[in-house]
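Summary of structural features
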Amino acid sequence: MNEIEKNRSVPDSFPNARPRLSEIFFAFLVVGATSFGGGTVAYQKILIVDHKQWLSADEFMVLLGIGQTLPGLNAVNIAVLFGDRVRRTRGAIAAAIGLLLPGCTLVLLAGMFYLKQGDKHFANLLLAGVAAAATGLLSAITYRLGKNQFKNIKSVSVVVASFFLMSILHLALPIVLLIMSPIAIFMYRPAR
Amino acid sequence: MILVIFHLALTFAVISLLAVGGGTAVLTEMQAVLLDQFNISPETFLQAYSLGQLAPGPNMTMVVVLGMQIAGGIGALVVGISFFLPSSVLCVWTGRCWNRIGETPWRRAAQDALEPISIGFMCSGVYAVAKSAIGGPISASLALAACLIVISSRVNPVYVVLGLGGLGVALHQVYPALL
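Just so you know, these numbers come straight off a predicted model, no measurement behind them.

Time to look at the overall build of chain A. Summing up its helical and strand segments, chain A has 8 helices and 0 strands in all. Relative to its 192 residues, chain A shows a buried fraction of 45%. Summing over all exposed atoms, chain A offers an accessible surface of approximately 9800 Å²; the carbon and sulfur share of this is 66%.

Below, the structure is given as structure tokens:
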């Protein structure tokens, strides 16, 4: 019994579960360079679970649960949690840098090109159109993630109150968190 | 200059630790703080945000563009580190403790409570971006079209955003006043 417990807590509970640092880095580099249009988490799942079989789907969902609850981008949190799990701190660093390097580099190059450009008319126009479309995309993502939250009075009231304090009363985010978390945790307190 | 860099690092480190529910949740806060303390206009913020939509990987890598705007190459580096490092350290540390905490009812309650709050913050993010991005019937219909396409199909969003962005440029040529 003790032996089974021990085996379970060891990271390599799955067949291919001990990738080298360089493997981690390059795998996440590919995700970081190819996951256009957001949805990076889905690409990570395909990589880690389906393609490389470094984790089972259930193990991945646990990482996603932690990553979503804590502050930070979900994709970055998953990368560091996975890296840390298989290769401790160095694995976390390799995964995060691999994931962020392509996007950061490209966005900086585009930004530099954009800032240096004399006549910004066309770029401005395109970015204005992109911004409008991105607004729609963002609301679609919010709708998708929040679908279940919009279904009952309890969660809708928390959603609306957080929005109201933030966007209408213009309170700073830490203050809204300080007000809303105790109220919401009380509302969702464990049933006795 | 050193002071600006330090201020920048501190600002983004705080935002990093506040980003419950991901990057969208802190868009409003980031826009307000950057305008107030670093003189970044909502237009510039929106342009950086749009660039981020077109780049691969997490869209919030666009924070490095804001860092570059404020303090050049060093600014980009400092913002990149201070936006991604604090939340990652917290995440790794919590991940290591996770097994010890286990599935307690109060952890469940905290998780359930944070979810609608972060959706509320995401709505604020949409509102903040919409306020600067939507100025007329063309941009409003582009946004509506993007929203409907993304909800109802499985097309990669980057094509939707680029395609509609291009359509926006074309429509602007025909009806310059309506964007």
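Counted as a void, the largest pocket has a volume near 1600 Å³. For the largest pocket, the lining is made up of 47 residues, of which G39, V41, N74, I141 and L145 of chain A are closest to its centre. The set of elements that each furnish at least two residues to the lining of the largest pocket consists of α3 (40-51), α4 (57-69), α5 (74-116) and α6 (121-146) of chain A together with α3 (42-54) and α5 (105-133) of chain B. Across the lining of the largest pocket, the residue classes tally to 24 nonpolar, 19 polar and 4 charged. A volume near 650 Å³ is recorded for the second largest pocket. What lines the second largest pocket is a set of 24 residues, among which A96, I97 and L100 of chain A together with I81 and F84 of chain B lie closest to the centre.

Let us now look at the side chain of S35 of chain A. With respect to the secondary-structure elements, S35 of chain A resides in the loop between α2 (21-34) and α3. Only 2.8 Å separates the side chain of S35 of chain A from the backbone oxygen of V31 of chain A, close enough to count as a polar contact. Those residues within four positions of S35 of chain A in sequence are excluded, and the remaining contacts are T40 and Y43 of chain A together with P56 and G57 of chain B.

Residues and elements named next belong to chain B. Segmenting chain B into domains produces domain 1 (2-133) and domain 2 (134-179). One C-alpha centre belongs to domain 1, the other to domain 2; they are set 26 Å apart. Buried surface at the junction of domain 1 and domain 2, both sides included, amounts to about 390 Å², of which 62% is carbon and sulfur. When residues of domain 1 are sorted by the area they lose upon contact with domain 2, Q53, L54 and A133 head the list and together hold 79% of the total. At the level of secondary structure, the elements contributing two or more residues to the side of domain 1 that touches domain 2 comprise α3 and α5. Taken together, the residues of the side of domain 1 that touches domain 2 sort by class into 3 nonpolar, 2 polar and 1 charged.

The next point concerns the packing of aromatic side chains. Enumeration over the complete set of coordinates arrives at 6 aromatic pairs over all chains. Centre to centre, the rings of F163 of chain A and Y127 of chain B are 5.5 Å apart; their planes meet at 75 degrees, and the pair counts as edge-to-face. Of this pair, F163 of chain A sits in helix α7 (residues 153-168) while Y127 of chain B is found in helix α5, placing the two residues in two different chains. Here F12 of chain B and F83 of chain B contribute two aromatic rings whose centre-to-centre distance is 6.3 Å and whose plane-to-plane angle is 85 degrees, an arrangement assigned as edge-to-face. With a gap of 71 residues between them, F12 of chain B in helix α1 (residues 2-18) and F83 of chain B in helix α4 (residues 63-101) connect regions that are remote in the sequence. Looking at F83 of chain B, the relative accessible area reads 3%, which means it is buried. Through pairs of rings, three or more aromatic residues link up here, namely F28, W54 and F82 of chain A.

So, how was this worked out
- Residues numbered from 1 in each chain as written.
- Chains lettered and ligands numbered in written order.
- Predicted model: local features only at pLDDT ≥ 70, side-chain atom pairs only at ≥ 80, totals over all residues.
- Heavy atoms only, no water.
- Helix = DSSP H or I, 4+ residues; strand = E, 2+ residues; numbered from the N terminus.
- Buried < 20%, exposed > 50% of the residue type's maximum accessible area, 1.4 Å probe, protein only.
- Areas by Shrake-Rupley, 256 points an atom, 1.4 Å probe, with all protein chains shown as cover.
- 1 Å grid on protein atoms, 1.4 Å probe; cavity = no way out; pocket = protein on both sides within 12 Å on 5 of 7 lines; lining within 4 Å.
- Points joined across faces, edges and corners; volume = space filled by probe spheres on them.
- Nonpolar A, V, L, I, M, F, W, Y, C, P; charged D, E, K, R; others polar.
- Polar contact = N/O pair within 3.5 Å; in protein donor to acceptor, adjacent residues only side chain to side chain.
- Contact = heavy atoms within 4.5 Å.
- Domains from an automatic or database assignment.
- Buried area = accessible area lost by both parts, 1.4 Å probe.
- Phe/Tyr/Trp six-rings, centres within 6.5 Å; stacked < 30°, edge-to-face > 60°.

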